[in-house]
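Overview (structure and organization)
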Protein chains: 2
Amino acid sequence: MPESHHADIRRLDLFAEMEESNFKALMRGSYVQNFPQRIELIMEGETSDFLHVVLSGSVDLYSCWNNQETSMATIRPVSTFILAATIKDAPYLMSARTLEKSRIALIPSQDVRAIFDTDAAFARAIVNELAQCYRTVVKNTKDLKLRSSLERLANYLLRQHNKTGSSVIDLSMEKRRLASFLGMTPENLSRAFKGLSPFGVTVSGSQIKIGDVETLEAFAKPSVLIDNMQS
Amino acid sequence: MPESHHADIRRLDLFAEMEESNFKALMRGSYVQNFPQRIELIMEGETSDFLHVVLSGSVDLYSCWNNQETSMATIRPVSTFILAATIKDAPYLMSARTLEKSRIALIPSQDVRAIFDTDAAFARAIVNELAQCYRTVVKNTKDLKLRSSLERLANYLLRQHNKTGSSVIDLSMEKRRLASFLGMTPENLSRAFKGLSPFGVTVSGSQIKIGDVETLEAFAKPSVLIDNMQS
DNA sequence: TCAAGCGTTTGACATTAATCAATTGAAGCG
DNA sequence: CGCTTCAATTGATTAATGTCAAACGCTTGA
């Protein structure tokens, strides 16, 4: 792998604290690849050969059953995905495809597991990352089971607002994918946006404006135990 | 803690491979407590002081939002819960209550984190457990987003069938809790059982009989990437 | 510039699930 | 035993969500 990418990867929480020699060893077996838009990176059910790191672009994790597809998460730089499958040496539960032109680092799963055993700092980082992933999915489940589609959309917008600080949100993905992620149909997402207009939400293309955050929050009732992305 | 419980805990994957001295150190700070039925063990939002191990009985993990409650999982002996919160030293995302008279071991979170850093076998076990938990929740999400309530119930019955090997399933929990776990109302669960009768499912109290597994499978279309509890 | 293609929106309708109210049934207790 | 209590069931109704078809609008490319 070209050394130029090392710094990006090293900055990741997962690799930041590990021994330099171990990091170098990991990088030796790894490589970086550029993928065009809409390329299938992995398919659910396959066995895990590489830990993937998104260096640039973005990746959609999705799952299928009975000819339906649902979007599970979007991975943005710089972070990893399919860590759990790598650790357990088990089949992927989700498929992944690039949403746009992306640069992905591939680190052999075997090396990750081997160095885990010898590098305590790396082990702790992996545990932290996994715990974080776990908690994210639990929050997601709570969102799905406890909220209506309108409430899910409202809280999604507020989360984006909190992340960027701006009251104008750029969806940065197709509405159909957002709909799938939120567990609804594109038609219903369209109607849900309309349903939020009494609370000051206006739509123009992929730009969503929150007229008054307090009003939207009064409806959405965000909770730190569902919507706080940090903890 | 009375030594008599040590063996039960030691048998857990999480503790089986660690150094004896470290295990003893963990146990020194721990204690075992008996709880009656329907006792709140932890509340979501609290900070994590103890890793909990269910030695006997059973525990319901559930979450609330906006005056609604949903059951997230049932923990049966012998296994742990709230590992992720313990590791991250973060607030619980779920509440826990005993479903029946239960014996619970409480292991100080601080000790778990400390020994994690010094015992590689323990670290690997924790990572495995967390990865397992993560994958379980992901499967759960796929179940929720990709299936109708009737399909969720059918696949739940088939999973129980695979676990016990028997074609007569004892629900071993209130139907209302099963309904909550499956993401539906008790009324709808009742109707869903009726809806499965064309596929050979008969109900008498908490005993569910699968008349013909193949017929039910033809409807439920179970998938290893959702319903296999092992991988 | 126009046409094609595709994502989005809209409306009508079907299906699914939730709610409300009433009844049934089973377990616990005096 | 009979009463109380609460879960479970049933039916009627409403609400939420999905489906289908058509129209719209933006982007792309000849």
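Residues numbered from 1 in each chain as written. Chains lettered and ligands numbered in written order. Predicted model: local features only at pLDDT ≥ 70, side-chain atom pairs only at ≥ 80, totals over all residues. Heavy atoms only, no water.

Here we take up the side chain of S71 of chain B. Summarising the element assignment, S71 of chain B is placed in strand 5 (residues 68-75). Discounting chain neighbours no more than four positions away, the residues touching S71 of chain B are K145 of chain A together with D60, L61, Y62, R177, S180 and F181 of chain B. (Helix = DSSP H or I, 4+ residues; strand = E, 2+ residues; numbered from the N terminus. Contact = heavy atoms within 4.5 Å.)

Residue and element names in this part refer to chain B. Across the interface, helix 1 (residues 3-11) lies against helix 3 (residues 20-28) with an axial gap of 12 Å and an inter-helix angle of 120°. Comparing the axis directions of helix 1 and helix 3 gives the class oblique. Here the hand of the crossing between helix 1 and helix 3 comes out right-handed. In this structure, helix 1 uses H6, I9 and R10 to contact helix 3, whose residues at the interface are E20, F23 and M27. Considering only residue class, the contact of helix 1 with helix 3 consists of three nonpolar, one polar and two charged. (Axes fitted to C-alpha atoms, helices over the stretch in contact; angles between N-to-C directions. Parallel < 35°, antiparallel > 145°, perpendicular 65-115°, else oblique. Left-handed = near helix turned anticlockwise from the far one by under 90°. Nonpolar A, V, L, I, M, F, W, Y, C, P; charged D, E, K, R; others polar.)

So, about the protein's contact with DNA strand C. Near DNA strand C, the surroundings consist of 15 residues, among which K175 and K194 of chain A together with S149, N188 and R191 of chain B are the closest. The separation between a phosphate oxygen of DNA strand C and a polar side-chain atom of S149 of chain B is 2.8 Å. For the surface near DNA strand C, the elements supplying multiple residues, two or more each, are helix 8 (175-181) and helix 9 (186-195) of chain A together with helix 9 (186-195) of chain B. Looking at the surface near DNA strand C, the element that brings in the most residues is helix 9 of chain A, giving four residues. Split by residue class, the surface near DNA strand C holds one nonpolar, six polar and eight charged. (Near = heavy atom within 4 Å. Polar contact = N/O pair within 3.5 Å; in protein donor to acceptor, adjacent residues only side chain to side chain.)

Another aspect to go through is the nonpolar core. One recurring pattern in soluble globular proteins: nonpolar side chains tend to sit buried together. Core analysis: the biggest nonpolar cluster contains 96 residues, and F15, F81 and I126 of chain A together with F15, F81 and I126 of chain B have the highest contact counts within it. Once residues lying within four places of it in the same chain are set aside, the contact partners of F15 of chain A are I9, R10, F23, L26, L51, V53, T80, I107 and F122 of chain A. (Core = buried A, V, L, I, M, F, W, Y, C linked by side-chain atoms within 4.5 Å. Buried < 20%, exposed > 50% of the residue type's maximum accessible area, 1.4 Å probe, protein only.)

Here the focus is the UniProt feature "domain: HTH crp-type" (unreviewed entry) in chain A. Annotation from UniProt places "domain: HTH crp-type" (unreviewed entry) at residues 147-214 of chain A. Taken as a whole, residues 147-214 of chain A contains 51% helix and 16% strand, while its terminal C-alpha atoms sit 19 Å from one another. (UniProt positions renumbered as here; feature names shortened; annotations may be inferred.)

With that out of the way, let us pick up the relation of the copies chain A and chain B. Structural alignment of chain A on chain B gives an RMSD of 0.0 Å, achieved by rotating through 180° and translating 0.0 Å along the axis. Overall, the copies show the geometry of a two-fold rotation axis. The C-alpha atom lying nearest the rotation axis in chain A is that of Y134 of chain A; the distance is 2.4 Å. Here 98% of the interface residues in chain A have copies in chain B that are interface residues too; the copies meet face to matching face. (Least-squares fit on C-alpha atoms with pLDDT ≥ 70 in both.)

A separate point is the packing of aromatic side chains. Aromatic rings considered in pairs are described by the distance between their centres and by the relative angle of their planes. Across all of its chains, the model carries 10 aromatic pairs over all chains by this definition. The structure contains a cluster of three or more aromatic residues connected by ring pairs, namely F15, F23 and F122 of chain A. The ring of Y62 of chain A has R97 of chain A sitting right over it, with the charged end atom 3.9 Å from the ring centre. Sitting over the ring of W65 of chain A, R147 of chain B keeps its end group 4.5 Å from the ring centre. (Phe/Tyr/Trp six-rings, centres within 6.5 Å; stacked < 30°, edge-to-face > 60°. Lys NZ or Arg CZ within 6 Å of the ring centre and 35° of its normal.)

What follows concerns the pattern of salt bridges. Residues and elements named next belong to chain A. Overall, the coordinates contain 28 salt bridges over all chains when judged by the stated rule. The partner of R97 in a salt bridge is E40, with the nearest N and O atoms 3.3 Å apart. Within this pair, whereas R97 is found in strand 7 (residues 95-98), its partner E40 is found in strand 2 (residues 40-42), the two being separated by 57 residues in sequence. Residue R97 is classed as buried on the basis of its relative accessible area of 15%. One continuous salt-bridge network, built from bridges that share partners, spans E40, D60, E69, R97 and R177. (Salt bridge = Lys/Arg side-chain N within 4 Å of Asp/Glu carboxyl O.)

Moving on, we come to unusual backbone geometry. All names here are of chain A. Cis rather than trans, the peptide bond between P77 and V78 has omega equal to -15°. Phi is positive for N66, close to 55°, though the residue is something other than glycine. If you trace the backbone, N66 turns up in the loop between strand 4 (59-65) and strand 5 (68-75). You will see that N67, though not glycine, has its phi angle at about 65°, which is positive. Counting through the fold element by element, N67 comes out in the loop between strand 4 and strand 5.

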